[in-house]
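Chain and residue survey
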Amino acid sequence: MAVSEQPLANAVLVIDDEPQIRRVVRNALQPMVSRVLEAATAREGMDLAAAEQPALVVLDLGLPDLGGMEVCRDLRGFTAAPIIVLSARHGEREKAALLDAGADDYMTKPFGTLELQARVRAQLRRYAAATPASSRVVAGDVEIDLTRRVVTRAGAEVHLTPTEWGLLRAFVSHPGQVLTHNQLFRKVWGGSAGDAQQYLRVYVGQLRRKLESDPIRPRLIRTEPGVGYRFEPGD
Amino acid sequence: MSAIDSSRVTERAASPRPTWRSWAIWLGALALVTALMHATRAALGEAHVALVFLLVVLGGSAGAGRRVGIALALLAFLAFNWYFLPPYGALVVANPLDWLVLFTFLVTGIVAAELLDRQRRATRIAEQRADEIARLAKVRDEAEALRRADALKDALLAAVSHDLRTPLTTIKGIAHEIVGGANAERAEIIETEADRLSLLVDDLLEMSQLDAGALPIEIAINTADDLIGAALQRTQGILRGRPVEIDLPEDELLAGRFDFSHALRVLANLMENAAKYSPDSSPIVLGAAVSDGTLSFVVEDSGPGIPEEERDRVFEPFRRGSQVPRGVRGAGLGLSIARRLAEVQGGSLRYEPRGGGGSRFVFSVPAAEARPPE
């Protein structure tokens, strides 16, 4: 794929102690951005991130000097740039924990170049858009107006329960972003733990059955298995 | 490891039943000393007689146990009275002080027999405990060795998996870089094979985690819609446009209590299995239904099915059926992993022949209320 378009970002940072992985990531991202910065340790990476303010960070979890969770939290202390985590371990729980700690996306080794490019592109676009999510979303035949609290599908109004509204509001406010189950719990039910919480996935199922034309192959509310959901309003 | 069972040990340590031979020996000994002392009665005082009898009682207790000891004490008491306390030849005592001698003798004999016996029992228990401890220590050492070997195997597998994934990423990355060049086809093969290797690594790691009981499980209320949708998405590449018929109630949301990631793996493995063993264009049926508090997911194919004699074994690891079509590859771990993943989350996975030919796999989990409080 020839990518001679405008670079998507000025600089991105790769933090990985394996030179071969840095090489693969660098070669994959070079066509998309102006500069690929490289660091082999967490400390070095943190210094570079602070000095160069990259538009995105690709972070390996198995760094020799600091755990991935800590690096995520520390980076979040001074930058809002998207963080894509690379890990050799695979586990949805770990992924959810990393997203809760501030990472934006997660890839399990061995990942493909195209997949990496697609994820980086999506994160950079989302970050560049950076405008507050619109309160009115049109996706296919579904129109959502958060201010007026009205949802229509193919022109007909859809009745939503208060919980379904809470969920939809959380999704619409974070387009394209993975929201973990924990993050959704907090956004919809606040801090309070209750019976309703355990039905989060059932509420999502109900919402899908009301909004999606095919709830088994949802286009708006995508499932991130074992992690959470992602709202895709479409381009 | 069980603690020492003290009641069992005590029981085994109780006095052994004296044999007729030890009865004969000690009763004979009593008769002999009685006869000897009787012959020399004139020269003996009461204290001498008592001490000699006591010796026999103690000997009997020590050698043949409590029963013999007490019997000897009683008989010696009678013999003492009959032969050695005036008036001789009668169970009568002339001097009241002799009663004191007689009863002191009896009590001393019995108490000594009891004490000896208790001591012997304590010794035996101690010995048995020592044996038991030695045996348990051996069992523990063996268990510890097994555990270490197992932990080593798991650590090794985890490390191997981890260390394999990093170079696999590099291999895939470089293969991708040369896909555009003259060796495009070969580069693609490299990428595909790297993916295959990676899947095998995943399978082996999962097996070792299942074996070690180290697989994290997170049971939550999930919907059938969500799981079936995720399974379709995950198997998209394997199904390559093959028709999938979805069999779900249209007006009802089904829910169950299960671990989403593991259940997804089960369903994806079943779909992959169905795709492998049935003709390319034949549809796969994927459905779910609730009955009797159970949410069952069903995957059906129109393949050859599994012969009856192989049905029990299809869930064993590294087992591949005789009906495997040519060109189908795999380690034979898919169904084995699927069944174990079903079981670790409180569900089950079974095979049924499909009416009209083909296979039908049923994966069941506990159902949950799908109409939550608002």
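Residues numbered from 1 in each chain as written. Chains lettered and ligands numbered in written order. Predicted model: local features only at pLDDT ≥ 70, side-chain atom pairs only at ≥ 80, totals over all residues. Heavy atoms only, no water.

1. Observations concerning the interface of chain B and chain A
- Across the boundary between the two partners, chain B contributes 47 residues, which contact 37 residues of chain A.
- When the buried area of chain B at its contact with chain A is split by residue, Thr169(B), Ile221(B) and Glu374(B) rank highest and sum to 16% of it.
- For the interface between chain B and chain A, the tally reads 3 salt bridges.
- Notably, a salt bridge pairs Arg209(A) with Asp225(B), separated by 2.8 Å at the nearest N-O pair.
- In this structure, the connection of chain B to chain A is made through 11 residue pairs in polar contact (both at pLDDT 80 or more).
- Elements supplying a minimum of two residues to the side of chain B that touches chain A: helix H5 (96-179), helix H6 (184-211), strand E1 (220-223), helix H7 (224-234), strand E2 (244-247), strand E3 (255-258) and helix H9 (260-277) of chain B.
- Ranked by residues supplied to the side of chain B that touches chain A, first place goes to H5(B) with 11 residues.
- Of the residues assigned to the side of chain B that touches chain A, the class counts are 20 nonpolar, 12 polar and 15 charged. (Contact = heavy atoms within 4.5 Å. Buried area = accessible area lost by both parts, 1.4 Å probe. Salt bridge = Lys/Arg side-chain N within 4 Å of Asp/Glu carboxyl O. Polar contact = N/O pair within 3.5 Å; in protein donor to acceptor, adjacent residues only side chain to side chain. Helix = DSSP H or I, 4+ residues; strand = E, 2+ residues; numbered from the N terminus. Nonpolar A, V, L, I, M, F, W, Y, C, P; charged D, E, K, R; others polar.)

2. Observations concerning unusual backbone geometry
- That bond from Lys109(A) to Pro110(A) is cis: its omega, 0°, falls within 30 degrees of zero.
- Within the secondary structure, Pro110(A) sits in the loop between strand E5 (105-108) and helix H5 (113-129).
- With omega at -5°, the peptide bond leading from Pro86(B) into Pro87(B) counts as cis.
- Structurally, Pro87(B) can be placed in the loop between helix H4 (66-84) and H5.
- Positive phi, normally seen in glycine, also occurs at Arg149(A), with a value near 55°.
- By the element assignment, Arg149(A) lies in the loop between strand E7 (142-145) and strand E8 (150-153).

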